[in-house]
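An overview of the molecular structure
Residue-level listing of the chains:
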Amino acid sequence: MAPASTSVYPAKQHFVATAQKLGATSGVIFVRGGDTIVHPDSDTEYEFHQDSSFYYLSGVIEPGYAAAYDIASSTAILFAKHVSADEAVWVGVPASLDEQRAAYGFDQAHYTHDIESVISALRPERIFALAHHSTENLGSAASIDTERLLDAVHEARVFKDDHEIAIMRRANAISSAAHEVLMREAKQGMNEAELRGRFVGLALAQGCSYEAYGSIVARGRNAAVLHYTKNNMALADASAMVLVDAGGSLSCYASDITRTWPIGAAFSAECRAIYAVVLAMQKAVIEACAPHRQWQDMHLLACRVAAQGLVELGMLRGDLDDIMARHVVGYFMPHGIGHLIGIDTHDVGGYPRGTERINAPGLRYLRARREMLPRMAFTVEPGLYFVDTILAEARDTPAVAQHIDFDVVAKYRAVGGVRIEDNIIITETGCDNLTTCPKEIAEIESIRATAYQ
């Protein structure tokens, strides 16, 4: 099958970028796509999702394909699945080889049963492959290297080209609009599952293929579970909030957006106070994101803004530098400030080879630790949560407990958690925020008021 878009997928450019990261001037890069898997003792297939690195190098969503790139001659080769006349009755007649070659941006196209003869004719001394891809039927003359390609593909995927950014911008626009519809339509008494279903329906209706990940719809205390997945409880308390973490996947590229808003028409005093701190955290980080800054420093900036805000609320106490040195905010924001995003929601390349994690509250779960550079895509998703087990650990850690007023913390426990998440692209001078869903307190309350008119 050929891609639905009329634009040519930049497969060859992606192979070139990967070869440059590989640092090789000769040899063949070979990758295989995934195959369908049938549910045991049935004729029903599991839902198919393409191998992410294969998709990056080919643009092919369908199962049963492969691709190669001869580095020395800069020749990109597509191997298409041959569909028999009988099979075409069920899956449709595919585009011709030449149509597929042109649509995906390859120099040549052959069927997969010709892989061995085509690769052998290239006479490569070395074939670069991924360890989780089969290397059968590649011929026996070349040595096969399954160690180096993965890092090269991951590093190439970190940098988004114009084609990728355009898709991600559209995915964000669709998902942002769906989030705003939920804000306008949700009412007390509805169920978390209704909101998830409405989001998925809206995203698919506008062109997304599926959820980029399992959506999180968490009301009240449920939001203290960072990856809450039950999504089955009623929006019972108008004074509480609901956290919606949901994004659609468009042409295999993810969006990842979180909004937290009141179930009633307006924020309660406690919810408004915590939300305002998280919003200040996110604004400070987005303003600071720029080339050659370190992603871990964005996390620390968010923590400093949070510390100042929680001191002003009376929840934290003591010298700000001491609070930071003891990672006190990590007990309220136990996750990292965000992650790379692209074909995968938690995209590859966050920790280049040799980069170690920092073993400290919050920082140990940072999903990326590297210099920000133009065309990298990140989520910015600060949050504050009241997780009983983590707060118990803080209480039992004297160096941390001295900075926390647990009586004040108890007043905010019902908030559960607040997270605000946008998707950004690093530019030459700063960053471009792809996410357009409202997040200011006044905007949200104006939208929520319409739900009860």
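Everything numeric in this text was worked out from a predicted model, so none of it was measured. (Residues numbered from 1 in each chain as written. Predicted model: local features only at pLDDT ≥ 70, side-chain atom pairs only at ≥ 80, totals over all residues. Heavy atoms only, no water.)

**What about the sheet that holds strand S2 (residues 66-70)?**
A sheet is described by the order of its strands in space; here 6 strands give the open sequence S4-S3-S2-S1-S5-S6, paired in mixed fashion. Both outer strands of the open sheet, strand S4 (108-111) and strand S6 (143-145), are each paired with one neighbouring strand and no more. Strand-to-strand twist in this sheet, taken as the mean axis angle between neighbours without regard to direction, amounts to 25°. Sheet analysis places strand S1 (residues 28-32) next to S2, joined by 5 bridges and oriented antiparallel. Paired with Val-31 across the two strands is Ala-67, which belongs to S2. (Pairing = 2+ DSSP bridges. Helix = DSSP H or I, 4+ residues; strand = E, 2+ residues; numbered from the N terminus. Axes fitted to C-alpha atoms, helices over the stretch in contact; angles between N-to-C directions.)

**Observations concerning the domain arrangement of the protein chain**
Domain parsing of the protein chain yields domain 1 (11-157) and domain 2 (162-451). Together, the buried faces of domain 1 and domain 2 total about 1100 Å²; carbon and sulfur atoms form 50% of this surface. Arg-157 is paired through a salt bridge with Asp-344; the nearest N and O atoms lie 3.1 Å apart. Remark: the boundary between domain 1 and domain 2 carries 6 residue pairs in polar contact (both at pLDDT 80 or more). In terms of residues, the side of domain 1 that touches domain 2 owes the most to one element, helix H6 (residues 149-158), which gives 4 residues. Within the side of domain 1 that touches domain 2, the residues separate by chemical class into 3 nonpolar, 4 polar and 4 charged. (Domains from an automatic or database assignment. Buried area = accessible area lost by both parts, 1.4 Å probe. Salt bridge = Lys/Arg side-chain N within 4 Å of Asp/Glu carboxyl O. Polar contact = N/O pair within 3.5 Å; in protein donor to acceptor, adjacent residues only side chain to side chain. Nonpolar A, V, L, I, M, F, W, Y, C, P; charged D, E, K, R; others polar.)

**Things to note about a nonpolar patch on the surface**
On the surface, a cluster of nonpolar side chains totalling about 410 Å² of accessible area is made up of Val-89, Trp-90 and Val-91. Along the chain, Val-91 turns up in helix H3 (residues 85-91). Taking the relative accessible area as the measure of exposure, Val-91 reaches 42% and is therefore partly exposed. (Patch = residues over 30% accessible without salt bridge, like charges linked within 9 Å, V, L, I, M, F, W, Y side chains within 5 Å. Areas by Shrake-Rupley, 256 points an atom, 1.4 Å probe, with all protein chains shown as cover. Buried < 20%, exposed > 50% of the residue type's maximum accessible area, 1.4 Å probe, protein only.)

**Notes on empty space enclosed by the protein**
Counted according to the given criterion, the structure contains 1 cavity of 30 Å³ or more. There is about 60 Å³ of room inside the largest cavity. Every residue along the wall of the largest cavity is listed here: His-299, Leu-300, Cys-303, Met-324, His-327, Val-329, Gly-330, Pro-361 and Leu-363. Take the lining of the largest cavity: its biggest share by element is 3 residues, from helix H10 (residues 295-312). The class makeup of the residues in the lining of the largest cavity is 6 nonpolar, 3 polar and no charged. (1 Å grid on protein atoms, 1.4 Å probe; cavity = no way out; pocket = protein on both sides within 12 Å on 5 of 7 lines; lining within 4 Å. Points joined across faces, edges and corners; volume = space filled by probe spheres on them.)

**As for the layout of surface pockets**
In this structure, the largest pocket occupies an estimated 450 Å³ of space. Around the largest pocket sit 20 residues that line it, and Leu-226, His-227, His-346, Arg-367 and Glu-381 are the ones nearest its centre. The residue makeup of the lining of the largest pocket, split by class, is 5 nonpolar, 9 polar and 6 charged. Considering only enclosed or pocket space, the second largest pocket measures out at about 270 Å³ in volume.

**Brief notes about the packing of aromatic side chains**
Tallying each qualifying case throughout the model produces 9 aromatic pairs. Ring centres of Phe-15 and Phe-106 lie 6.3 Å apart, and the angle between their planes is 75°; this geometry places the pair in the edge-to-face category. Taken together, the residues Phe-15 in helix H1 (residues 11-22) and Phe-106 in the loop between helix H4 (97-104) and S4 connect sequence positions 91 residues apart. With 6.2 Å between their ring centres and 65° between their planes, Tyr-55 and Tyr-253 make a pair best called edge-to-face. (Phe/Tyr/Trp six-rings, centres within 6.5 Å; stacked < 30°, edge-to-face > 60°.)

**Let's talk about the state of the cysteines**
Following the criterion strictly, the structure yields 0 disulfides and no others. With no disulfide of its own, Cys-289 lies closest to Cys-431 among cysteine sulfurs, the gap being 5.2 Å. We classify Cys-289 as buried; its relative accessible area is 1%. Free cysteine: Cys-437, not disulfide-bonded; nearest cysteine sulfur from Cys-208 at 14 Å. (Disulfide = S-S within 2.5 Å.)

**As for the sheet that holds strand S7 (residues 210-211)**
Across the sheet, 3 strands lie side by side as S7-S10-S11; this open sheet has antiparallel pairing. Every other strand in the sheet has two partners, leaving S7 and strand S11 (253-254) as the edge strands with one partner each. Here 2 bridges tie strand S10 (residues 248-250) to S11, and the two strands are oriented antiparallel to one another. Directly across from Ser-249, in S11, lies its bridge partner Ala-254.

**Here we look at the nonpolar core**
A general trend in soluble globular proteins is that nonpolar side chains are found buried together. Ranked by size, the top nonpolar core spans 126 residues in total, and within it Ile-274, Trp-295 and Phe-332 carry the most contacts. Counting residues per element, this core draws most heavily on helix H9 (residues 269-288), which supplies 11 residues. Built from parts of two domains, this core gets at least three residues from each of domain 1 (11-157) and domain 2 (162-451). Beyond its immediate stretch of four places on either side in the chain, Trp-295 contacts Cys-289, Ile-337, Gly-338, His-339, Leu-366, Ala-368, Arg-370, Met-372, Phe-378, Thr-379 and Val-380. Counting 12 residues, the second-largest nonpolar core is a separate cluster that includes Phe-79, Ile-119, Leu-138 and Ala-142. (Core = buried A, V, L, I, M, F, W, Y, C linked by side-chain atoms within 4.5 Å. Contact = heavy atoms within 4.5 Å.)

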